[in-house]
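Given next are the chains, with one letter for each unit.
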Amino acid sequence: MSIRIAALRQEPGLLETMAGWFPHTFGVPEEAYRESMAQCLAGAGPVPQWYGAMEGARMVGGLGVIENDFHDRPDLAPNVCAVYVDEPWRGQGIAGKLLGHVCGDMAALGVNALYLVTSHTSFYERYGWAFLCMANAGEEPVRVYRKETGLL
């Protein structure tokens, strides 16, 4: 079966699926995701946004776009967050498909650059993200990456 990328704002019926799926990725409580997803559905602006990689009705990967992903550089916004693909579906290009989709979608919403924080050192480069700087996120420094969305 093929994977399709679904944007929550375009498919609000996926709210329960997405709100139930994201908490297993990074230990953030479901209530925090629900609050952000409610803001997404209210449509006040381009951020926040939530996306799911769907295999039929099953969510196998996802990511979001929020203002700040728990780091000390509020000038580097908005941030791609919660990038995750469930283990059985890894190595199939799903993360790349999610990252490509979010860049195109955010460009269409008027956002010309995205940022993300990670401890990975080579994963995002293969999808065109460029290391920008280090930032503080709690007790550990994190790598900040930047990507032009394609907006001219």
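Residues numbered from 1 in each chain as written. Predicted model: local features only at pLDDT ≥ 70, side-chain atom pairs only at ≥ 80, totals over all residues. Heavy atoms only, no water.

J.: Describe the nonpolar core, naming the residues involved and giving the relevant values.
T.: Soluble globular proteins tend to pack their nonpolar side chains together in the buried interior. Counting 26 residues, the largest nonpolar core has Y51, V80, L114 and W129 as the members making the most contacts within it. Looking at this core, the elements with two or more residues in it are strand 1 (3–7), strand 2 (49–55), strand 3 (58–66), strand 4 (79–85), helix 4 (94–108) and strand 5 (113–118). The leading source of residues in this core is helix 4, at seven residues. Discounting chain neighbours no more than four positions away, the residues touching W129 are V80, L99, C103, L114, Y115, L116, Y124, Y145, R146 and K147. Membership of the second largest hydrophobic core comes to 16 residues, among which are A19, F22, M54 and A82. (Core = buried A, V, L, I, M, F, W, Y, C linked by side-chain atoms within 4.5 Å. Buried < 20%, exposed > 50% of the residue type's maximum accessible area, 1.4 Å probe, protein only. Helix = DSSP H or I, 4+ residues; strand = E, 2+ residues; numbered from the N terminus. Contact = heavy atoms within 4.5 Å.)

J.: Residues and numbers for the pattern of salt bridges, please.
T.: For the structure on display, the rule yields seven salt bridges. The closest approach of N and O atoms between E30 and R34, which form a salt bridge, is 2.9 Å. Separated by four residues within a single helix, E30 and R34 lie in helix 3 (residues 30–42), roughly one turn from each other. Taking relative accessible area as the criterion, R34 reaches 29% and is therefore assigned partly exposed. Residues participating in the shared-partner salt-bridge network are E16, E30 and R34. (Salt bridge = Lys/Arg side-chain N within 4 Å of Asp/Glu carboxyl O.)

J.: With reference to specific residues and values, describe the sheet that holds strand 2.
T.: Spatially, the seven strands line up as an open sheet ordered 1-2-3-4-5-7-6, and their pairing is mixed. The open sheet terminates on both sides in strands that have one partner only, identified here as strand 1 and strand 6 (130–137). On average, adjacent strands in this sheet sit at an angle of 30° to one another, irrespective of strand direction. Where strand 5 lies against strand 7 (residues 140–148), six bridges are found, and the strand directions are antiparallel. (Pairing = 2+ DSSP bridges. Axes fitted to C-alpha atoms, helices over the stretch in contact; angles between N-to-C directions.)

J.: Can you explain the side chain of H71? Please cite residues and give values.
T.: Here H71 lies in the loop between strand 3 and strand 4. Its relative accessible area of 8% is what places H71 among the buried residues. Once you skip the residues sitting within four places of it in the chain, H71 turns out to touch L76, N79, V117, A135, N136 and A137.

J.: Can you tell me about the layout of surface pockets, naming the residues and giving the values?
T.: Where empty space is left becomes clear once a probe the size of a water molecule has been rolled over the atoms. The space that makes up the largest pocket amounts to roughly 890 Å³. Lining the largest pocket are 35 residues, with F26, D69, C81, A82 and V83 positioned closest to its centre. Counting only elements with at least two residues in the lining of the largest pocket, the list comes to helix 3, strand 4, helix 4, strand 5 and strand 7. Top element by residues in the lining of the largest pocket is strand 4. It accounts for six residues. Per-class residue counts for the lining of the largest pocket are 24 nonpolar, seven polar and four charged. (1 Å grid on protein atoms, 1.4 Å probe; cavity = no way out; pocket = protein on both sides within 12 Å on 5 of 7 lines; lining within 4 Å. Points joined across faces, edges and corners; volume = space filled by probe spheres on them. Nonpolar A, V, L, I, M, F, W, Y, C, P; charged D, E, K, R; others polar.)

J.: Please give an account of the pairing of strand 2 that cites residues and values.
T.: Burial runs high along strand 2: six of the seven residues are buried. In this structure, strand 1 lies alongside strand 2, joined through five bridges in antiparallel fashion. If you follow I3 over to strand 2, its bridge partner there is E55. Pairing between strand 2 and strand 3: seven bridges, direction antiparallel. Each residue of the ladder has a partner; that of G52, found in strand 3, is G62. The hairpin formed by strand 2 and strand 3 contains two residues between the paired strands, and G56 there has a positive phi angle of roughly 65°.

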